[in-house]
Amino acid sequence: MYFNSLDEIWRMGGHGPFVWAAYSLTALILILLVVVPLQRQRRFFADQINSERRRAARAQQINPDSKMPELKAPELKVP
Amino acid sequence: MWSFLQSLWHKLGSPRWFYQISGKLLPWLAILTPVLLIVGAAWGLLFVPPDFRQGNSFRIIYIHVPASMLAMAGYALMAIAGAISLIWKMKVAEIAMKCAAPIGAALTFLALVTGSIWGKPTWGTWWVWDARITSVLVLFFLYMGVIALNEAFENRQAAAKACAVLSLVGVVNIPIIYWSVEWWFSLHQPATLKIIGKSTMAPEMLHPLLVMILGFYCFYALALLIHMRAEILFRERTTQWVRELITQRGAVR
């Protein structure tokens, strides 16, 4: 190790703020570049599974013999 | 050999095949990338002695140089993918071109900002309008142009065509960036690493840089694959194989 103490690592002879700012920004951007598409994929699966379930529920309303999970249909309110 | 290459070429055209193969590659990249980046960064930040002229600020080289290299290599990849999608109408190439743009833009932004942060203690200024820095700024605008153009079209095929043409025209900028420090007088220091000839860097400083460059290449591959897989799922959402993936996921829940 080149430095002798944590304080020296932090200050780096006056260049610390520059070096650490550059490295933290890099870490942030690299993490975002991976997390954003993963999040997008997760949302895609969640949306598709939801719409699949809704479709199954509708099918069950039309044909009650189909073996789909029971879901309550929205009630129609007549004023 | 030829028939193998031919069958590989045809398989590459299939988003489904690409999704499956990339899924096998992904765990390895997901392990290798953080290991290389953390080892390289710790080595460069803590163990290498400071530069005798620039002091500790030179440690920014370990992110600035790899980010700049990938910003340029990523552009070449985007342009090649664009050319393939123009000529052969290959779906996977079109997706690769679209996904390379935001990653490249982010890396170019990183190269510009880390360079600027490095410039302040070294040159005494955050920014100069010299050939190297200006041509990298043009690279950033080219990436943003491809992103904007892709969003501007309602029709996906028209968007892909326009993006491919723009990225191919922009390739002119790559050799300009590369040789700008030699063609024009510049504040920017000349290349530290050279493909031909000896590098102008002490080996103890060079080795962590090589680790970081390898780490950034792995990161690029990882980020591109993840982006492409999300895009493939979305575009192929009505196909049999994606429906099956969705029901599998739904059953697990």
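Located above this text is the structure these notes cover.
Residues numbered from 1 in each chain as written. Chains lettered and ligands numbered in written order. Predicted model: local features only at pLDDT ≥ 70, side-chain atom pairs only at ≥ 80, totals over all residues. Heavy atoms only, no water.

Bringing the side chain of Asp130 of chain B into the picture now. Residues and elements named next belong to chain B. For Asp130, the position within the fold is in the loop between helix H4 (91-123) and helix H5 (131-152). Salt bridges are absent for the buried Asp130, whose nearest opposite-charge side chain, Arg132, sits at 7.3 Å. A distance of 3.1 Å separates a polar side-chain atom of Asp130 from the backbone nitrogen of Ile133. Leaving out residues up to four positions away in the same chain, Asp130 has contacts with Ser186, Leu187 and His188. (Helix = DSSP H or I, 4+ residues; strand = E, 2+ residues; numbered from the N terminus. Buried < 20%, exposed > 50% of the residue type's maximum accessible area, 1.4 Å probe, protein only. Lys, Arg positive; Asp, Glu negative; His and termini not counted. Salt bridge = Lys/Arg side-chain N within 4 Å of Asp/Glu carboxyl O. Polar contact = N/O pair within 3.5 Å; in protein donor to acceptor, adjacent residues only side chain to side chain. Contact = heavy atoms within 4.5 Å.)

This next bit is on helix H8 (residues 203-235) of chain B. With 33 residues, H8 of chain B should cover 48 Å at 1.5 Å per step; its first-to-last C-alpha distance of 47 Å lies within 8% of that length. When you tally the buried positions in H8 of chain B, you get 25 out of 33 residues, the bulk of the element. (Expected span 1.5 Å × (residues − 1).)

This part covers the packing of aromatic side chains. Residues and elements named next belong to chain B. Under the counting rule described, the total for this entry stands at 12 aromatic pairs over all chains. Seen from their ring centres, Phe58 and Tyr62 are 5.8 Å apart, and the 70° between their planes marks the pair as edge-to-face. Tyr62 sits in the buried class, given a relative accessible area of 0%. A centroid spacing of 5.1 Å and a plane angle of 85° characterise the contact between Tyr178 and Trp179, whose relative ring orientation is edge-to-face. Sitting over the ring of Tyr19, Arg229 keeps its end group 4.0 Å from the ring centre. Of note, Arg237 hangs over the ring of Phe234, and the distance from its end group to the ring centre comes to 4.3 Å. (Phe/Tyr/Trp six-rings, centres within 6.5 Å; stacked < 30°, edge-to-face > 60°. Lys NZ or Arg CZ within 6 Å of the ring centre and 35° of its normal.)

The tally for this structure, following the rule as stated, stands at 8 salt bridges over all chains. Two residues, Glu52 of chain A and Arg243 of chain B, come together in a salt bridge whose shortest N-O distance is 2.9 Å. Taken as a pair, Glu52 of chain A in helix H2 (residues 16-62) and Arg243 of chain B in helix H9 (residues 240-252) lie in two separate chains rather than in one. Residue Lys98 of chain B is joined to Glu231 of chain B by a salt bridge in which the shortest nitrogen-to-oxygen separation is 3.1 Å. Of this pair, Lys98 of chain B sits in helix H4 while Glu231 of chain B sits in helix H8, placing them 133 residues apart in sequence. By relative accessible area, which is 28% here, Lys98 of chain B ends up partly exposed.

Together, Met1 of chain A together with Ile31, Val35, Val39, Trp43 and Phe47 of chain B make up an exposed nonpolar region whose accessible area comes to about 590 Å². For Phe47 of chain B, the position within the fold is in helix H2 (residues 15-47). (Patch = residues over 30% accessible without salt bridge, like charges linked within 9 Å, V, L, I, M, F, W, Y side chains within 5 Å. Areas by Shrake-Rupley, 256 points an atom, 1.4 Å probe, with all protein chains shown as cover.)

Every contact between the two is made by 31 residues of chain A and, on the other side, 49 residues of chain B. Buried surface at the junction of chain A and chain B, both sides included, amounts to about 3,600 Å², of which 75% is carbon and sulfur. Our count for the chain A to chain B interface comes out at 2 salt bridges. Residue Arg40 of chain A is joined to Glu231 of chain B by a salt bridge in which the shortest nitrogen-to-oxygen separation is 3.1 Å. (Buried area = accessible area lost by both parts, 1.4 Å probe.)

Residue and element names in this part refer to chain B. For the structure on display, the rule yields 1 cavity of 30 Å³ or more. Looking at the largest cavity, its volume works out to about 40 Å³. Contributing to the lining of the largest cavity are Glu94, Met97, Lys98, Asn150, Arg156, Ala159, Ala160, Cys163 and Arg235. Of all elements in the fold, only H4 and helix H6 (156-170) reach the threshold of two or more residues within the lining of the largest cavity. In terms of residue count, H6 provides more of the lining of the largest cavity than any other element does, 4 residues in total. (1 Å grid on protein atoms, 1.4 Å probe; cavity = no way out; pocket = protein on both sides within 12 Å on 5 of 7 lines; lining within 4 Å. Points joined across faces, edges and corners; volume = space filled by probe spheres on them.)

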